Amino acid sequence: MSDNTISDEYPSIALARNEGGETKVETVHIGKQLKAIRTKNKLTLEEASKLTGLAKSTLSKIENEQISPTFMVMQKLATGLEIDLPQLFTKPKKVQATGRRDITKAGEGKAHHTPTYEHELLSTQLSNKKMLPYKTGIHARSFNEYGDWVRHEGEEFLYVLEGQVQLLTEFYEPVLLDRGDSAYYDATMGHAVISTSEQDATILWVTSS
């Protein structure tokens, strides 16, 4: 594959930004941007080469700031890696680890009972969580036991641990879920879960907050 679409004169690009009426010139290293995007998507150079149609050696030279891609090459990178072209010019945000961790031993979750559910709230030591995990025993056997649809903010993931349940949703036909089955849905849509097995079914729920 020919690299004649590559320029080796400018391995970095200066971008002018207007901040508060003051123009600031900032150097952006496309190679570092490309490598950050590739590694974030867990792609090898060979895999990225197949996706973009560019030689592996070319990608390596770009990442190592040995050459600078032309606009045509950057278009191939954006298309192949399924990114917007400006992402090659935007400095990647530094990820700061918070070190948050919470462990819940079996049976040590916080109990919360309702007429239809028996919740065991998990990871209760952490506040301001982005996800709310809980294990739930399903008492309800009929939608009538709810009185109305359940609705709340966020999205929800459901995984059946024991028994069989029927997932009822406002816009879809009811569906039976056996042990090992799962569902992901918009929690602002009316929903409810009932047990259809002889014993109360047990599910794992994870709700985004």
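Could you give an account of unusual backbone geometry, naming the residues involved and the relevant values?
A positive phi angle, near 60 degrees, is found at Glu65, a position not held by glycine. Assignment of secondary structure puts Glu65 in the loop between helix 3 (56-63) and strand 4 (68-69). For Ser123, which is not glycine, the phi torsion reads 55 degrees and is therefore positive. Mapped onto the fold, Ser123 is located in the loop between strand 6 (117-121) and strand 7 (131-138). For Ser123, a relative accessible area of 16% corresponds to the buried category.

A description of the pairing of strand 13 (residues 201-208) should follow, citing residues and the corresponding values.
With six of its eight residues buried, strand 13 lies for the most part within the structure. When strand 7 meets strand 13, the two strands line up antiparallel, connected through eight bridges. From the neighbouring strand, Leu132 faces strand 13, where its bridge partner is Thr207. Across six bridges, strand 8 (residues 155-162) lies against strand 13 in antiparallel orientation. Each residue of the ladder has a partner; that of Tyr159, found in strand 13, is Leu204.

How would you sum up the nonpolar core? Please name residues and give values.
Grouped burial of nonpolar side chains is what soluble globular proteins tend to show. If you look at the biggest cluster of nonpolar residues, it comprises 20 residues, and the most contacted ones within it are Leu158, Val165, Val193 and Trp205. For this core, the elements supplying multiple residues, two or more each, are strand 7, strand 8, strand 9 (165-169), strand 11 (182-186), strand 12 (191-195) and strand 13. Ranked by size, the runner-up nonpolar core spans 17 residues in total, among them Ile30, Leu43, Ala48 and Leu77.

Hey, could you go over the sheet that holds strand 13 for me, with residue numbers and the actual values?
Pairing within the open sheet is antiparallel, and its six strands lie in the order 5-6-7-13-8-11. At either margin of the open sheet sits one strand with a lone partner, and together these are strand 5 (110-113) and strand 11. The mean inter-strand angle of the sheet, taken between neighbouring strand axes irrespective of direction, is 25 degrees.

So what's going on with the environment of Ala140? Which residues, and what values?
Counting through the fold element by element, Ala140 comes out in the loop between strand 7 and strand 8. Apart from residues lying up to four places away in sequence, Ala140 is in contact with Thr116, Glu145, Tyr146, Val193, Ile194 and Ser195.

If you had to explain the sheet that holds strand 9 to someone new, which residues and values would you point to?
The strand order across the open sheet formed by three strands is 10-9-12, and the pairing between neighbours is antiparallel. Unpaired on one side and paired on the other, strand 10 (172-177) and strand 12 mark the two borders of the sheet. Across this sheet, the average inter-strand angle for adjacent strands is 20 degrees, counted without regard to direction.

Go over helix 4 (residues 71-81) with me, naming the residues and quoting the values.
Turning to helix 4, its buried residues are Val73, Met74, Leu77, Ala78, Gly80 and Leu81. Glu82 sits one or two positions beyond helix 4 and adopts a positive phi of about 55 degrees.

Account for the packing of aromatic side chains, naming residues and giving values.
A complete count under the given rule lists five aromatic pairs for this structure. Judged by centre distance (5.7 Å) and plane angle (50 degrees), the ring pair of Tyr134 and Trp205 falls under tilted. On the criterion of sequence distance, the pair formed by Tyr134 in strand 7 and Trp205 in strand 13 is long-range, its members being 71 residues apart. Across the pair, exposure class does not vary: Tyr134 and Trp205 are buried alike. Connected via pairs of aromatic rings, a cluster forms that spans Tyr117, Tyr134, Phe143, Tyr146, Trp149 and Trp205.

Analysis parameters
Residues numbered from 1 in each chain as written. Predicted model: local features only at pLDDT ≥ 70, side-chain atom pairs only at ≥ 80, totals over all residues. Heavy atoms only, no water. Helix = DSSP H or I, 4+ residues; strand = E, 2+ residues; numbered from the N terminus. Buried < 20%, exposed > 50% of the residue type's maximum accessible area, 1.4 Å probe, protein only. Pairing = 2+ DSSP bridges. Core = buried A, V, L, I, M, F, W, Y, C linked by side-chain atoms within 4.5 Å. Axes fitted to C-alpha atoms, helices over the stretch in contact; angles between N-to-C directions. Contact = heavy atoms within 4.5 Å. Phe/Tyr/Trp six-rings, centres within 6.5 Å; stacked < 30°, edge-to-face > 60°.

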